[in-house]
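Spelled out from the first residue to the last, the chains are:
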Amino acid sequence: MKNILCFALLLVAGVSYGQIRFEGVVKDSLGTPLELANVIAINQETKGMESYGITNDQGVFRLELGKNSTFEIQISYVGMTTFKEVLSTAESNLEKTYTLVSENALDEVELVYTMPVTMKGDTLVYDADSFNTGTERKLEDVLENLPGVEINEDGQIEVEGKVVNKLMVNGKDFFDGDTKLATKNIPSKAVDKIQVLRNYSEVGQLSSVTNNSDNVALNIKLREGKESFWFGDITAGAGASPDAELYVLQPKLFYYSPKYSLNFIGDLNNTGEVALTRRDIRNFGGGFRAPSRDSGTSINLGDNGLNFLTNEANALEIENKLATGNFSYSPTQALDLSGFLIYNSSRVLSRETSFIRYTDPSLGIPDEATEQSSTERSNQALLKLSAKFQPNFNNQMDYDILARVSDDRQNQDAFSSVIGATTQFDEVTPYSINQNLNYYYTLNEDHIFAFEAQHLLRNEDPFYNAILENDPNDGSDAFDNTARALGLDTTQTTYDLGQDRRIKSNQLDAKLDYYNILNTKSNLNLTLGVILSRQQFDSRIFQFLDDGTEFNPTPTINEGRGVNDTEYNFSDFYLGVRYRFKAGKFTITPGLSAHAYGNRNIQFGETFEDNFFRLLPEFETLIQLKKSESLTLRYNMRNQFTDVTRLAEGLVLNSFNSIQFGESELQNALSHNVSLLYNSFNLFNYTNVFARAAYTNNIDQIRSLTNFDNVIRTSTFFNSNFADETVSVFGRVQRTFGKIQATLNASFNYTKINQFIQGQRSLNEGYTQTYTPGIRTNYKVAPNFTFRYRYSVTNNNQGGGETKFVTNAPSVEVDAYIWKSVTFRSNYTYTNQDLGNGDSQSFQNWDASLSYRKDRDSKWEFEVRATNILNIDAQVRNSANNLSVFVSETFIQPRFLTFRFIYTL
């Protein structure tokens, strides 16, 4: 690490050597400083842009120029005539003042060179070519070059610390609801400008009456071509690994015209390259946002899909098939139609060994060593259709429908030092249909109405089967006590148990908003809303006997309730009021909502009802310190309601070693939530600062009451008056020094959780702090390097037992564009984890690629790619939760070597 830091300092020193500082002030004819004026220095010898800058609120700019050289200075500002002059530098710094005049005072001077960054109101525009170095292949490569833009660990785009929730191409929606398909597939050669739309509102009528400070959208402007044009690329390749022949086929085709667009992305490979993970697709919301998101009510419908054991980044084998299509069509100026189809099929093999040590000896839970392998198959499909009708500015109607279906299966073979050998099988084939209808009407300049409604219909049918070894003559096997409690036949040579479940959810979420614009600085918002939810839950546990017949057991615990036939109805009728007003730099929005809640569940011939009334306050203050600097304080109180599976009183198998039963009289949990956000993006010195702090206090939290028999847990639920607390702080500072971009990310998380195990209450506290400094270069003609160092410390106090993990992970990435035809890219990471007891574990990751194309405009490119060059067979992970310490070794894909060719349209 010391050598890396020294090298980074040499890079910074190299940039500074041989340069002078050129500072100045730009004013108008009245002597008023001009903020956000563009200043460009063009090298007269090379005819290339040497440096650029943007004036701050005092009209000051600063450029770094070479000594003893001649430059053409161009200064431009909206509404002013562009100024040009030739400037010669010597050995010392320079200072000058410039005065711009209105466009009609003199003939306009043409601005030949494009500014790398410009600001137009709330829109920040990046010129892609100003930051590209030649090694870029996809949109994400372009975005990573831009100051203030990050691709986070989940593959999401972040701008100034805020996640981009909408991405468009030439103003048209691109797979609404996820940005990864765009970042990983749109060719970099097609990208001209990246427009960052701050304070983005999809409904222009509401932009002046709602707070959109957290909404960020991106619009990718394509390079100018014909009125209608195709672009994209097709990748095909093959290769070898120690165990299999490798193949890759990735067609990515895009068509754009003024009236419609078509996009197709395909991916067929067995190299582990996953465009969308199974989790990505499950979380793919299609851009849907619940109308009640700001009401103060949170109702959890649960997720009974298959929770796969394997993260695809840590799999032993992966076969993936992806086919996606996206379209948009505008038959008239008033009507826009769009939609997408996504189909993904994957097969994943995994193998893992682990050791679990329970930290509280008084609980009597034995430590457990396991070895498991699994085969996971997933087939998922999504279809979305959308229509937007806006005949005039005063009327807008939107309709969306999103349908999804999947067929997921998982087979697992495991051996436990406590339980012995087990075989498990999971299967689920759920489907859901989500519809959204919005209508926005502006009566006049003072009165606006907005109606939003969303309906969800979902059906889930998980099936679970587990087979465990059993000695009928030995009644002390590890699973025998649990088998007797479940009512199983213990005389069988195996315990072959299964469970059928079906969960049907039907929910309507709707609201009507009225906005009264009182004056230019204040408005009043009244909301009338409703949430109606109905869930049905059926389940049964059964046993397959040795002769193949099916046995329906009667449990000896839980009052013999081994089946579920539960109906749960929830309602929330609410009325909310918000008053928003501006006072100087402050925008203050206090609010209050009144809720009439209704809960009713019916099971085992009994009905439980809970109807009550509650007021939920909220408050927000936005302080606009400068045009690009703000501070936001938020507080809200939320009512949290659980799903039907925690209310159902019959036994449920989460797995053979995790059994639960619910409590029909569970009540809601209440939480207090406070957050503070700071945002600053200084175009004068390209410094981006983002900080977020949040605190949550949960009251009457729904928690589990758990008992262990060996390593088999049985849990039920209750409302606890012991509060849980969470504190999280995250900050990012990014600064650009010429061709060097320095970044520091820091985070801190604290959790306090009350848990009840074996009838004992314990308080568990966890602290995690992570620091990630990084340096990145952006040279046009020299190799570029990215250095990062992740340092993380995790402390857990688990009811008296303490653990500590320290992780050090330096990494380096190299991008080199050689002879204007060869691109070399490589990344290397070394991860070391100190276990806090004198022991440590480490592993390494190294990938590289070498590609050739005759020149940047060539249609053919040839690439050799190698992954896991060091042929590391496994990755080690250590973690701790509120009960145990977990050490695992996950086996990963071996060294892969593939040869590919890419054809660009």
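Here is what the cut-offs are and how they apply
Residues numbered from 1 in each chain as written. Predicted model: local features only at pLDDT ≥ 70, side-chain atom pairs only at ≥ 80, totals over all residues. Heavy atoms only, no water. Helix = DSSP H or I, 4+ residues; strand = E, 2+ residues; numbered from the N terminus. Buried < 20%, exposed > 50% of the residue type's maximum accessible area, 1.4 Å probe, protein only. Areas by Shrake-Rupley, 256 points an atom, 1.4 Å probe, with all protein chains shown as cover. Patch = residues over 30% accessible without salt bridge, like charges linked within 9 Å, V, L, I, M, F, W, Y side chains within 5 Å. Salt bridge = Lys/Arg side-chain N within 4 Å of Asp/Glu carboxyl O. Lys, Arg positive; Asp, Glu negative; His and termini not counted. Charge placed at Lys NZ, Arg CZ, Asp CG, Glu CD. Pairing = 2+ DSSP bridges. Axes fitted to C-alpha atoms, helices over the stretch in contact; angles between N-to-C directions.

*Asks:* I keep staring at the overall build of the protein and nothing clicks. Help me out?
*Replies:* The helix and strand tally for the protein stands at 5 helices and 52 strands. Counting all 905 residues of the protein, 52% fall into the buried class. Carbon and sulfur atoms make up 53% of the accessible area of the protein, which totals about 40,700 Å².

*Asks:* Is there a simple way to think about a positive patch on the surface in this case?
*Replies:* Among the surface-exposed residues, Lys 739, Lys 780, Lys 820 and Arg 856 lie close enough to one another that they form a single positively charged patch. Turning to its location among the elements, Lys 820 is positioned in the loop between strand 46 (801-818) and strand 47 (822-834).

*Asks:* Looking at this structure, I do not really get the sheet that holds strand 2 (residues 38-43). What am I missing?
*Replies:* Strand-to-strand pairing in sheets goes through backbone hydrogen bonds, with the strands running parallel or antiparallel. Taken in spatial order, the 4 strands make up an open sheet running 3-2-5-6, and their pairing is antiparallel. Each edge of the open sheet is held by one strand with a lone partner, namely strand 3 (49-54) and strand 6 (83-88). Within this sheet the neighbouring strands show an average axis-to-axis angle of 20°, counted without direction.

*Asks:* Got a minute to help me understand the pattern of salt bridges in this structure?
*Replies:* Any two side chains of opposite charge can pair, so long as their charged atoms come close to each other. In the structure shown here, the tally under the stated rule is 40 salt bridges. Close ionic contact of Arg 900 with Glu 273 constitutes a salt bridge, the shortest N to O distance being 2.4 Å. Of this pair, Arg 900 sits in strand 52 (residues 896-904) while Glu 273 sits in the loop between strand 19 (260-269) and helix 4 (278-282), and the two are 627 residues apart along the sequence. A single burial state applies to Arg 900 and to Glu 273, both of which are buried. Put simply, Lys 166, Asp 173, Asp 176, Glu 202 and Lys 384 are held in one network by salt bridges that share partners.

*Asks:* What am I meant to see in the sheet that holds strand 9 (residues 123-127) here?
*Replies:* Across the sheet, which stays open at both edges, the 6 strands sit in the order 8-9-15-16-13-14 with mixed pairing between neighbours. Looking at strand neighbours, the two that pair on one side only are strand 8 (117-120) and strand 14 (172-173), the edges of this open sheet. Where strand 13 (residues 166-169) and strand 16 (residues 217-222) come together, 4 bridges link them in parallel fashion. Across the sheet, Leu 167 pairs through a bridge with Leu 218, a residue of strand 16.

*Asks:* Got a minute to help me understand unusual backbone geometry in this structure?
*Replies:* Despite not being glycine, Leu 36 has its phi angle at roughly 70°, a positive value. Relative to the helices and strands, Leu 36 is located in the loop between strand 1 (19-27) and strand 2. One non-glycine residue, Asn 170, lies in positive phi territory at about 50°. Mapped onto the secondary structure, Asn 170 falls in the loop between strand 13 and strand 14. With relative accessibility at 29%, the residue Asn 170 sits in the partly exposed group.

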